[in-house]
Amino acid sequence: MITILQEKRGEIECFVLSDGKNSLAECIYSFENAEILTLDLFPGEDEMFREDVLRAALSRLDFAGKTTVKTKLTELGDFLTKLGFTEDNGVYLIETGAFFKPCCSEKH
(Lines give C-alpha, C1' and ligand atoms only; values in the text may rest on other atoms or scores of the structure.)
Protein backbone atom coordinates (compact mmCIF):
# COMPACT_ATOMS: atom_id res chain seq x y z
CA MET A 1 0.00 0.00 0.00
CA ILE A 2 1.31 3.44 -0.90
CA THR A 3 1.18 6.13 1.78
CA ILE A 4 2.31 9.72 2.18
CA LEU A 5 4.09 10.34 5.46
CA GLN A 6 4.81 13.74 6.97
CA GLU A 7 8.20 14.19 8.60
CA LYS A 8 9.93 17.05 10.35
CA ARG A 9 13.66 17.45 9.78
CA GLY A 10 14.87 20.18 12.07
CA GLU A 11 13.34 23.45 10.89
CA ILE A 12 12.02 22.02 7.63
CA GLU A 13 9.21 19.62 6.87
CA CYS A 14 8.90 16.84 4.36
CA PHE A 15 6.30 14.61 2.76
CA VAL A 16 7.52 11.18 1.69
CA LEU A 17 5.55 8.86 -0.54
CA SER A 18 6.38 5.26 0.40
CA ASP A 19 5.29 1.77 -0.55
CA GLY A 20 6.06 0.58 2.98
CA LYS A 21 9.56 -0.54 2.08
CA ASN A 22 11.02 2.18 -0.13
CA SER A 23 10.65 5.92 -0.57
CA LEU A 24 9.19 6.68 -3.99
CA ALA A 25 9.15 10.49 -3.93
CA GLU A 26 9.65 13.30 -1.45
CA CYS A 27 9.00 16.99 -1.12
CA ILE A 28 11.04 19.00 1.38
CA TYR A 29 9.65 22.43 2.16
CA SER A 30 10.07 25.35 4.50
CA PHE A 31 6.88 25.90 6.47
CA GLU A 32 8.22 29.22 7.73
CA ASN A 33 8.97 30.61 4.25
CA ALA A 34 6.25 28.74 2.31
CA GLU A 35 8.91 27.47 -0.07
CA ILE A 36 9.36 24.13 -1.81
CA LEU A 37 13.04 23.31 -1.33
CA THR A 38 13.36 19.95 -3.07
CA LEU A 39 10.98 17.77 -5.03
CA ASP A 40 12.53 14.39 -5.72
CA LEU A 41 11.30 11.39 -7.62
CA PHE A 42 13.34 8.27 -6.99
CA PRO A 43 14.71 6.35 -10.01
CA GLY A 44 12.19 4.27 -11.93
CA GLU A 45 9.12 5.70 -10.20
CA ASP A 46 5.97 7.13 -11.77
CA GLU A 47 6.04 10.90 -12.42
CA MET A 48 2.63 11.14 -10.75
CA PHE A 49 4.30 10.44 -7.39
CA ARG A 50 6.21 13.74 -7.65
CA GLU A 51 2.91 15.56 -8.07
CA ASP A 52 1.39 13.68 -5.13
CA VAL A 53 4.01 14.81 -2.62
CA LEU A 54 3.93 18.36 -3.99
CA ARG A 55 0.16 18.48 -3.57
CA ALA A 56 0.53 17.25 0.01
CA ALA A 57 2.96 20.07 0.81
CA LEU A 58 0.80 22.69 -0.92
CA SER A 59 -2.24 21.46 0.99
CA ARG A 60 -0.38 21.63 4.32
CA LEU A 61 0.75 25.18 3.61
CA ASP A 62 -2.69 26.26 2.37
CA PHE A 63 -4.40 24.84 5.45
CA ALA A 64 -2.01 26.91 7.59
CA GLY A 65 -2.92 30.10 5.70
CA LYS A 66 0.27 30.25 3.63
CA THR A 67 -1.43 30.75 0.30
CA THR A 68 1.48 31.95 -1.83
CA VAL A 69 4.10 29.26 -2.23
CA LYS A 70 7.40 29.68 -4.05
CA THR A 71 10.20 27.52 -5.32
CA LYS A 72 13.48 28.04 -7.13
CA LEU A 73 13.53 24.57 -8.70
CA THR A 74 14.15 25.86 -12.22
CA GLU A 75 15.08 22.36 -13.44
CA LEU A 76 11.41 21.43 -12.89
CA GLY A 77 10.08 24.49 -14.72
CA ASP A 78 8.00 22.60 -17.29
CA PHE A 79 6.48 20.37 -14.63
CA LEU A 80 5.70 23.32 -12.36
CA THR A 81 4.12 25.44 -15.10
CA LYS A 82 1.87 22.54 -16.13
CA LEU A 83 0.56 22.52 -12.56
CA GLY A 84 -0.15 26.27 -12.56
CA PHE A 85 3.03 27.84 -11.19
CA THR A 86 4.12 31.08 -12.80
CA GLU A 87 7.77 32.00 -13.24
CA ASP A 88 9.35 35.38 -12.51
CA ASN A 89 13.14 35.74 -12.63
CA GLY A 90 13.81 32.10 -11.76
CA VAL A 91 11.26 31.94 -8.95
CA TYR A 92 8.09 29.90 -9.45
CA LEU A 93 4.97 30.97 -7.55
CA ILE A 94 1.55 29.46 -7.04
CA GLU A 95 -1.55 30.67 -5.23
CA THR A 96 -2.92 27.69 -3.36
CA GLY A 97 -6.50 28.98 -3.37
CA ALA A 98 -6.60 28.89 -7.16
CA PHE A 99 -4.69 25.62 -7.27
CA PHE A 100 -7.20 23.80 -5.06
CA LYS A 101 -10.30 25.56 -6.34
CA PRO A 102 -12.71 22.90 -7.54
CA CYS A 103 -13.50 22.81 -11.20
CA CYS A 104 -16.99 24.05 -11.85
CA SER A 105 -19.02 22.48 -14.59
CA GLU A 106 -22.63 22.87 -15.52
CA LYS A 107 -24.86 19.84 -15.23
CA HIS A 108 -26.82 19.07 -18.35
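This text follows the structure it describes.
Along each chain, numbering runs from 1 in the same order as the chain's sequence is written. Confidence filtering applies because this is a predicted model: local features only for residues at pLDDT of at least 70, side-chain atom pairs given and counted only at 80 or more, and all residues used for totals across whole chains, interfaces and linings. As a convention, hydrogens and water are excluded, and side-chain values are obtained from all of the structure's heavy atoms.

J.: Residues and numbers for the nonpolar core, please.
T.: The nonpolar side chains of soluble globular proteins are, as a tendency, buried together. Within the largest apolar cluster, 25 residues are counted, with the highest numbers of intra-cluster contacts made by I36, L39, L54 and F85. Numbering of helices and strands runs from the N terminus; a helix is a DSSP stretch of H or I covering at least four residues, while a strand is a stretch of E covering at least two. At the level of secondary structure, the elements contributing two or more residues to this core comprise strand 2 (12-18), strand 3 (23-30), strand 4 (35-41), helix 1 (47-63), helix 2 (77-83) and strand 7 (91-95). Looking at this core, the element that brings in the most residues is helix 1, giving 7 residues. Throughout, a residue-residue contact means that at least one pair of heavy atoms, one from each residue, lies within 4.5 Å. Apart from residues lying up to four places away in sequence, I36 is in contact with C27, I28, Y29, L54, A57, V69, K70, T71, K72 and L73. Residue types Ala, Val, Leu, Ile, Met, Phe, Trp, Tyr and Cys, when buried and joined through side-chain atoms within 4.5 Å, form a set referred to as a nonpolar core. Relative accessibility under 20% of the residue-type maximum defines a buried residue, over 50% an exposed one, and the middle range a partly exposed one, all with a 1.4 Å probe and only protein chains included.

J.: Describe the pairing of strand 7, with residues and values.
T.: Burial along strand 7 is one-sided: the residues Y92 and I94 are buried and none of V91, L93 and E95 is. We call two strands paired when DSSP finds no fewer than two bridges between them. Sheet topology places strand 5 (residues 68-71) next to strand 7; 4 bridges connect them, and they run antiparallel. Bridge pairing in strand 7 links T71 to Y92. Two elements, strand 6 (residues 86-88) and strand 7, share 3 bridges in a ladder whose sense is antiparallel. Across the sheet, E87 pairs through a bridge with Y92, a residue of strand 7. Between strand 6 and strand 7, which pair antiparallel one after the other, the connecting turn spans 2 residues, and N89 there sits at a positive phi close to 55°.

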